Amino acid sequence: MASELRKRNLALETAISDSKFDDDGRPKRTGTLMTASAHIITAVIGSGVLSLAWAIAQLGWIAGPMALMIFSFITGFTSSLLADCYRCSTTGRRNYTYMEVVKSNLGEMKCKLCGLAQYANLVGTTIGYTITASLSMVAIKRSNCFHKEGHDAGCHTSNNMYMIIFAIAEIILSQIPNFHELSGLSILAAVMSFAYSSIGLGLAMAKITERGNHVNTSLTGVAIGVDVTSTEKIWSSLQAIGNIAFAYAYSIVLVEIQDTLRSSPPENKVMKRASFVGVSITTIFYMLCGTLGYAAFGDKAPGNFLTGFGFYEPFWLVDFANMCIVVHLVGAYQVFCQPIFTTVENWCCHKWPESGFVTKGHPITFPSCGVCYVNMFRVIWRTVYVILTAVIAMLFPFFNSVIGLLGAIAFWPLTVYFPVEMYISRAKIRKFSVTWMWLQVLSWTCFIVTLLAAAGSIQGLVKDLQTYKPFSSAS
């Protein structure tokens, strides 16, 4: 009897232990449709939304909204293709990162190209978020100054100190071990993104209905010969397309988000629904922010409509909106940098498995959190990474040009090319069939758009650099 009881207890303990792990031995995933949607919204509704009024102003009432809808459709479609590639088609094994998905479906060489594109963009995005967060923090200080000193006061403030403050916050949060621990931060960040987008919409609608607010808008955007030259019009339009592409750039973390989902129901089905929810909600907000922002400011729409001071009053609401942006970007930074941290740390553990500095965690007791295991390599490497992104942001603090270039670089390879090629490979689509032809047309069209948008953003960066002195950025 006692022996039987021991066997039952052993079986129960084993079941409890097993319930903490997935079938591959990794900690059991607990992600749901809600958490995946929150991750997507956190990744998508970022600093890109703030430049959409400016982008619509460059393109006009026809091309602007049309570009938003086209990028929305392409992102939703290719995200669906990518979600189906999460598990290996032959063994059913999970692929934990975007690079592993590409390697499983397209081979080693394409995997290396994917890694180059993905991690370059992840690094660039964290730099872009550092710039945007500092602009919002400076905007809070300037808003209070304008309220006290009048709208004609200069109230210029250096951005560098606020980049340092943002970096300090990210150094602390970067010690969160992995993506699976970010769900609470992502939900908070998603709420913040809705908050500042909604405030921006409300302020734009108030400005539209304001007596005496007469602005110039047109079907084709800023007027050649009045606002810009024909050459400037071409370059700014291309940069605007890059900004819109950046606004939809979340494919680079889609696989990592999908890897947080529990295994039942199937991850690909949940991820497709989460992508549909995330992209649909985002597109509605983008369309409203872009079109109402353009209607409020016309061809003079600022590059960042909450920090470019199209709005002065009520100053406390502008302050709150910018604070929401900062909180959102604190979370979004982590969503984009965690894949970088994980890749470097896994590589180092594989390279030096016997090194205690790289692999060993030291238990430290915190009064409110209990025992936490701190790895010294992780602390040092993540701290150095955040410092480097802050330094680069201080060197190149150009919001619209940086955002446009990041969008252009990431959009074609990561959002279009690799998902399309993996779908063709998995579905064994015959060359020159109708499906193969239209997928290739989609891919090559997006490639050409990417090149043109990148050219426009590079031209904008070159123009900005001609009059800029390093580490002297001020708003």
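Residues numbered from 1 in each chain as written. Predicted model: local features only at pLDDT ≥ 70, side-chain atom pairs only at ≥ 80, totals over all residues. Heavy atoms only, no water.

1. Focus on the overall build of the chain
Part 1: Secondary structure assignment for the chain yields 15 helices and 2 strands.
Part 2: The 475 residues of the chain split such that 52% are buried.
Part 3: Summarising the internal contacts of the chain: among those between residues at least 6 apart in sequence, 82% fall at separations of at least 24.
Part 4: Approximately 21600 Å² of the chain is accessible, and the part contributed by carbon and sulfur atoms is 67%. (Helix = DSSP H or I, 4+ residues; strand = E, 2+ residues; numbered from the N terminus. Buried < 20%, exposed > 50% of the residue type's maximum accessible area, 1.4 Å probe, protein only. Contact = heavy atoms within 4.5 Å. Areas by Shrake-Rupley, 256 points an atom, 1.4 Å probe, with all protein chains shown as cover.)

2. Describing the pattern of salt bridges
Opposite charge on two side chains lets them pair, provided their charged atoms get close.
Part 1: The final tally for this structure, using the stated rule, is 5 salt bridges.
Part 2: Between K103 and E108 there is a salt bridge whose closest N-O contact spans 3.3 Å.
Part 3: Taking relative accessible area as the criterion, E108 reaches 41% and is therefore assigned partly exposed. (Salt bridge = Lys/Arg side-chain N within 4 Å of Asp/Glu carboxyl O.)

3. Quick word on helix α3 (residues 52–83)
Part 1: Taking 1.5 Å per residue as the helical rise, α3 with its 32 residues ought to reach 46 Å, whereas the 28 Å between its terminal C-alpha atoms falls clearly short.
Part 2: The principal kink in α3, of about 130°, is found at G60. (Expected span 1.5 Å × (residues − 1). Bend = angle between axes of the 7 residues up to and from the residue.)

4. So, the packing of aromatic side chains
Part 1: According to the stated counting rule, one finds 16 aromatic pairs in the structure shown.
Part 2: With 5.5 Å between their ring centres and 40° between their planes, F77 and W438 make a pair best called tilted. Remark: W438 occurs in helix α15 (residues 434–465) and F77 occurs in helix α3; sequence separation between them is 361 residues.
Part 3: When its relative accessible area of 22% is taken as the criterion, F77 is described as partly exposed.
Part 4: With centroids separated by 6.0 Å and ring planes inclined at 75°, the aromatic side chains of F357 and F377 adopt a geometry described as edge-to-face. (Phe/Tyr/Trp six-rings, centres within 6.5 Å; stacked < 30°, edge-to-face > 60°.)

5. Focus on the confidence of the model for the chain
Part 1: In the predicted model, the chain carries a mean pLDDT of 81, and the fraction of residues at 70 or more is 88%.
Part 2: Counting interchain partners and residues more than four positions distant, the pLDDT-below-50 stretch residues 1–18 has 0 contacts. (pLDDT = per-residue confidence, 0-100.)

6. So, the environment of A453
Part 1: Take A453: it is sitting in helix α15.
Part 2: Accessibility expressed as a relative area gives 2% for A453, which makes it buried.
Part 3: Between the C-alpha atoms of A453 and I241, which are 212 residues apart in sequence, the distance is 5.9 Å.
Part 4: Discounting residues that sit within four places of it in the chain, A453 has contacts with L238, I241, G242 and A408.

7. Some thoughts on helix α8 (residues 230–247)
Part 1: Compared with an ideal rise of 1.5 Å per residue, which puts 18 residues at 26 Å, α8 spans 26 Å between its outermost C-alpha atoms and is within 8% of the ideal.
Part 2: K233, S236, S237, L238, Q239, A240, G242, N243, I244, A245, F246 and A247 are the residues of α8 that are buried.

8. A closer look at the side chain of E345
Part 1: On the secondary structure map, E345 appears in helix α11 (residues 315–351).
Part 2: Apart from residues no more than four positions distant in its own chain, E345 is found in contact with F377, R378, W381 and R382.

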